[in-house]
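Architecture and fold: a report
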Amino acid sequence: MTWWHALIIVVAGVWAGTINAVVGSGTLVTFPVLVALGYPPVTATTSNAIGLAPGTLSGAWGYRHELTGYWRQTAKFAVASFLGAIGGTILLLSLPKDAFEAVVPVLVGLAVILVIIQPKVSKWVAQRREENGTEHKPGPLLMFFIFLIGIYGGYFTAAQGVMLMAVMGMLLSEPLQKLNGVKNVLAAVVNLVAGLIYAFVAPVSWAVVLWLAVGSTAGGFLGAKIGRRLPPAVLRGVIVVIGVAAVIQLVVKQFAK
């Protein structure tokens, strides 16, 4: 790996760590960067999961104050994420490489759409709460959705944070900042589980993991401390542009085969 490749990966890691702590979808920054640098999609996905795990941990730690008194419930959610992540990694490792490469553009496109509609979902959730004033408590349906999102996150991590915020925002009555803290913890669980499994049985670039870990850890702290002051529209705009570029690049590669 050249020094400028390492520099690009570190910068992408910082940006992804910041985005993950604030809104999620940091993978839509790092995954296209790794593919553009020549890494195969499967290697980019596995290395990405391991390298971004420290960033999700630092982001979760930065939101620890929002989770005061809610750790026991968060731990219950984490069990569903843990089991789902195992299922997602099994899918990635079981399906043929060609099948994963074919579905990646669809997954990235889905993630981009989720990022675009996230503000509307948040607005709808806020209006719904104001209108009915009902207190929504955790139930089997929410656990099931968290489990499904864990499967998706274990298979392909992009936008799992957006999915979690949408589901928890609709089915819980907790403040959004607290839900964002829960989201960071659950994303950390998924990335750690997937990363540990990939580290032993999947193709991984450890140089990529190292530089992503350095960048994402710094980004996680940055996002938790000052990222909330950044205009969400700016972050979202960058994610969408990079995501669309990734879809185009991946589709072109598929047709070129």
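None of these values were measured; they are calculated from a predicted model.

1. Here's the deal with the overall build of the protein
When helices and strands are tallied, the protein shows ten helices and zero strands. Tracing the protein from N to C terminus, the helices and strands come up as α-α-α-α-α-α-α-α-α-α. Considering only contacts within the protein whose residues lie at least 6 apart along the sequence, 85% involve residues at least 24 apart. Carbon and sulfur atoms form 73% of the exposed surface of the protein, whose accessible area is close to 11400 Å².

2. Looking at the side chain of S81
Here S81 lies in helix 4 (residues 71-94). Overall, the relative accessible area of 1% leaves S81 in the buried class. Apart from residues lying up to four places away in sequence, S81 is in contact with I146, G150, L186, V189 and V190.

3. A word on the nonpolar core
Counting residues in each nonpolar core, the largest one holds 55 residues, and the members touching the most others are F77, M168, L186 and Y198. Element by element, the count of residues in this core is highest for helix 8 (residues 176-201), at nine residues.

4. Points about the packing of aromatic side chains
In this structure the tally under the stated criterion is one aromatic pair. Each ring, one from F144 and one from F145, has its centre 6.2 Å from the other, and the planes form 45 degrees; the classification is tilted.

5. Focus on the environment of A207
Of note, A207 is situated in helix 9 (residues 206-225). Along the primary structure A207 and S47 are separated by 160 residues, whereas in three dimensions their C-alpha atoms are 9.0 Å apart.

6. Concerning the packing of helix 2 (residues 27-36) against helix 3 (residues 41-62)
It is at 9 Å that the axes of helix 2 and helix 3 come closest, and there the two elements cross at 135 degrees. As judged from the angle between their axes, helix 2 and helix 3 are oblique. Crossing of helix 2 against helix 3: the hand is right-handed. Two secondary-structure elements touch here, helix 2 through T27, T30, F31, L34 and V35 and helix 3 through P41, A44, T45, N48 and L52. Grouping the constituent residues of the contact of helix 2 with helix 3 by class yields six nonpolar, four polar and no charged.

7. Brief notes about a nonpolar patch on the surface
A cluster of nonpolar side chains, namely W3, W4, L7, I8 and V11, defines an oily patch on the protein surface of about 560 Å² accessible area. Note on placement: I8 falls in helix 1 (residues 3-22). On the basis of relative accessibility, which here comes to 35%, the residue I8 falls in the partly exposed class.

8. Observations concerning helix 9
For helix 9, which comprises 20 residues, the first-to-last C-alpha distance of 29 Å matches the rise-based estimate of 28 Å (1.5 Å per residue) to within 8%. V208, V209, L212, A213, G215, S216, G219, G220, G223 and A224 are the residues of helix 9 that are buried. Against the buried residues of helix 9 lie helix 1, helix 2 and helix 3.

Reading the values: rules and limits
- Residues numbered from 1 in each chain as written.
- Predicted model: local features only at pLDDT ≥ 70, side-chain atom pairs only at ≥ 80, totals over all residues.
- Heavy atoms only, no water.
- Helix = DSSP H or I, 4+ residues; strand = E, 2+ residues; numbered from the N terminus.
- Contact = heavy atoms within 4.5 Å.
- Areas by Shrake-Rupley, 256 points an atom, 1.4 Å probe, with all protein chains shown as cover.
- Buried < 20%, exposed > 50% of the residue type's maximum accessible area, 1.4 Å probe, protein only.
- Core = buried A, V, L, I, M, F, W, Y, C linked by side-chain atoms within 4.5 Å.
- Phe/Tyr/Trp six-rings, centres within 6.5 Å; stacked < 30°, edge-to-face > 60°.
- Axes fitted to C-alpha atoms, helices over the stretch in contact; angles between N-to-C directions.
- Parallel < 35°, antiparallel > 145°, perpendicular 65-115°, else oblique.
- Left-handed = near helix turned anticlockwise from the far one by under 90°.
- Nonpolar A, V, L, I, M, F, W, Y, C, P; charged D, E, K, R; others polar.
- Patch = residues over 30% accessible without salt bridge, like charges linked within 9 Å, V, L, I, M, F, W, Y side chains within 5 Å.
- Salt bridge = Lys/Arg side-chain N within 4 Å of Asp/Glu carboxyl O.
- Expected span 1.5 Å × (residues − 1).

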